[in-house]
Amino acid sequence: AMGGNHTQPKFILLGITDTPWAQAPLFGLFLLIYVVTLAGNVGLMVLVWVAPSLHTPMYFFLAHLSLADVCYSTVISPKMLTDLLFGNKTISWAGCMTQFHLFALFVTAECYLLAAMAYDRHVAICHPLLYVTVVSPRACWHLVACSYLVASLSALVYTGLTFGGSFCGPRRVDHFFCDLSPVLRLACSDTRGSEAAVFALATANGLGTSVVILLSYGRILHTILGMRSAPSRARAFHTCASHLVSVSVFYGTLFFMYLQPASRHGSRDKVASVFYTVVSPMLNPFIYSLRNK
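What counts, and at which threshold
Residues numbered from 1 in each chain as written. Predicted model: local features only at pLDDT ≥ 70, side-chain atom pairs only at ≥ 80, totals over all residues. Heavy atoms only, no water. Helix = DSSP H or I, 4+ residues; strand = E, 2+ residues; numbered from the N terminus. Rg over C-alpha atoms; globule rule 2.2 N^0.38 Å. Buried < 20%, exposed > 50% of the residue type's maximum accessible area, 1.4 Å probe, protein only. Contact = heavy atoms within 4.5 Å. Areas by Shrake-Rupley, 256 points an atom, 1.4 Å probe, with all protein chains shown as cover. Lys, Arg positive; Asp, Glu negative; His and termini not counted. Charge placed at Lys NZ, Arg CZ, Asp CG, Glu CD. Disulfide = S-S within 2.5 Å. Patch = residues over 30% accessible without salt bridge, like charges linked within 9 Å, V, L, I, M, F, W, Y side chains within 5 Å. Salt bridge = Lys/Arg side-chain N within 4 Å of Asp/Glu carboxyl O. Pairing = 2+ DSSP bridges. Axes fitted to C-alpha atoms, helices over the stretch in contact; angles between N-to-C directions. Phe/Tyr/Trp six-rings, centres within 6.5 Å; stacked < 30°, edge-to-face > 60°. Polar contact = N/O pair within 3.5 Å; in protein donor to acceptor, adjacent residues only side chain to side chain.

**Concerning the overall build of the chain**
Now for step 1: A tally of helices and strands in the chain yields ten helices and three strands.
Now for step 2: Reading the helices (α) and strands (β) of the chain from amino to carboxyl end gives α-β-α-α-β-α-α-α-β-α-α-α-α.
Now for step 3: A globule of 293 residues ought to have a C-alpha radius of gyration of about 19 Å, and the chain, at 20 Å, matches this closely.
Now for step 4: Taking the principal axes of its C-alpha atoms as reference, the chain extends roughly 65 × 40 × 30 Å.
Now for step 5: The buried share of the chain, taken over its 293 residues, is 51%.
Now for step 6: Across the chain, contacts joining residues at least 24 apart in sequence account for 79% of those joining residues at least 6 apart.
Now for step 7: For the chain, the accessible area works out to roughly 13,800 Å², and carbon and sulfur atoms hold 72% of it.
Now for step 8: Counting 18 positive and 10 negative side-chain charges, the chain places the averaged centre of each group 10 Å from the other.

This is how it looks when you write it as structure tokens:
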């Protein structure tokens, strides 16, 4: 077996589909989605930056969520688009590893940012009098810094476990980007230990942050139901509902992808992946800002 690290082999990304007539319509669709993702998220970041009325913790977190969305869709979409357009689907070993590493980093950061946002809303709605002291600018920076720190360390572990072995045989990655299970499937060495370790860390990150989100929204709903005025109850409920829809799509597809054994993975994975790599980053700025005037 040739050591993947020494020979620098190329990988071939099989892409979303090998049907020739589907390439052009998919290119058009994904290009449109990517442009809307960039416009929506960059627009939101600029707006939060220039409008003093938006210099609040909620919009501070939202701007960072948009940054993560822009980054991880840019790690995946341009390569996927050029593959669909030109049919050149090779990617170098270093390129493949870099793509996976950055993707893992920004997706993990997004989980922690979503948890920070849920906590922020929880304090705002359930403990409004403590809000200014609890969610101070310093606390916000700490939460964002910790999100990126944990995400960076997690991504290093994921990448080391995924690309640490040697690769042999046809290096055909059955996916539109270098993702965990399609890459691990190409390793010559036994990957069960790596898979178990990745599974454990992904579970800790995914379940840890989703528990914070669920507890926060549970408390919020409890508080909302106790509100006297119907309009404020409806407004708070709408905001929470839209946030929960976004969180559910993101986490639902992530859990489907990463919390199942490698042997169970199949072509449905590509459809699930499209949701959190392509669709979710496009929808977030709309979902999170629509309900807030």
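**A few points about the state of the cysteines**
Now for step 1: In total, this model carries one disulfide according to the counting rule given.
Now for step 2: Shown here is the disulfide that connects Cys-96 with Cys-178, its sulfur atoms set 2.0 Å apart. Handedness here is read from the sign of the S-S torsion; for Cys-96 and Cys-178, about -115°, the answer is left-handed. You can see Cys-96 sitting in helix H4 (residues 93-126) and its partner Cys-178 sitting in the loop between strand S3 (172-173) and helix H7 (180-184), a full 82 residues away along the chain.
Now for step 3: For Cys-96, a relative accessible area of 0% corresponds to the buried category.

**Notes on a nonpolar patch on the surface**
Now for step 1: On the surface, Val-42, Val-46, Leu-47, Trp-49 and Val-50 cluster together to form a nonpolar patch covering roughly 510 Å² of accessible area.
Now for step 2: Relative to the helices and strands, Leu-47 resides in helix H2 (residues 20-50).

**Quick look at the sheet that holds strand S2 (residues 90-92)**
Now for step 1: The three strands are arranged S2-S1-S3 in an open sheet whose pairing can be described as mixed. The open sheet has two edge strands, S2 and S3, and neither has a second partner.
Now for step 2: Sheet contacts for H4: strand S1 (10-13) and S2; angle to S2, the most-contacted strand, approximately 85°.

**Some thoughts on the packing of aromatic side chains**
Two descriptors summarise a pair of aromatic rings, namely the distance from one centre to the other and the angle between the planes of the rings.
Now for step 1: Inspection of the entire model under this criterion finds 13 aromatic pairs.
Now for step 2: Their ring planes at 80° and their centres at 6.3 Å tell us that Tyr-72 and Phe-103 sit as a pair that is edge-to-face. On the criterion of sequence distance, the pair formed by Tyr-72 in helix H3 (residues 57-86) and Phe-103 in helix H4 is long-range, its members being 31 residues apart. Here Tyr-72 and Phe-103 have matching classes, each one buried.
Now for step 3: Taken together, the ring pairs connect Phe-11, Trp-93, Phe-100, Phe-163 and Phe-167 into an aromatic cluster.

**Here's the deal with the environment of Leu-129**
Now for step 1: Along the chain, Leu-129 turns up in the loop between H4 and helix H5 (131-134).
Now for step 2: For Leu-129 and Thr-162, which are 33 residues apart along the polypeptide, the C-alpha to C-alpha distance reads 47 Å.

**Brief notes about the side chain of His-175**
Now for step 1: With respect to the helices, strands and loops of the structure, His-175 is situated in the loop between S3 and H7.
Now for step 2: Taking the relative accessible area as the measure of exposure, His-175 reaches 2% and is therefore buried.
Now for step 3: Engagement of the side chain of His-175 in a polar contact is seen with the side chain of Ser-273, the distance being 3.1 Å.
Now for step 4: Once you skip the residues sitting within four places of it in the chain, His-175 turns out to touch Leu-13, Leu-14, Gly-15, Pro-182, Met-257, Lys-270 and Ser-273.

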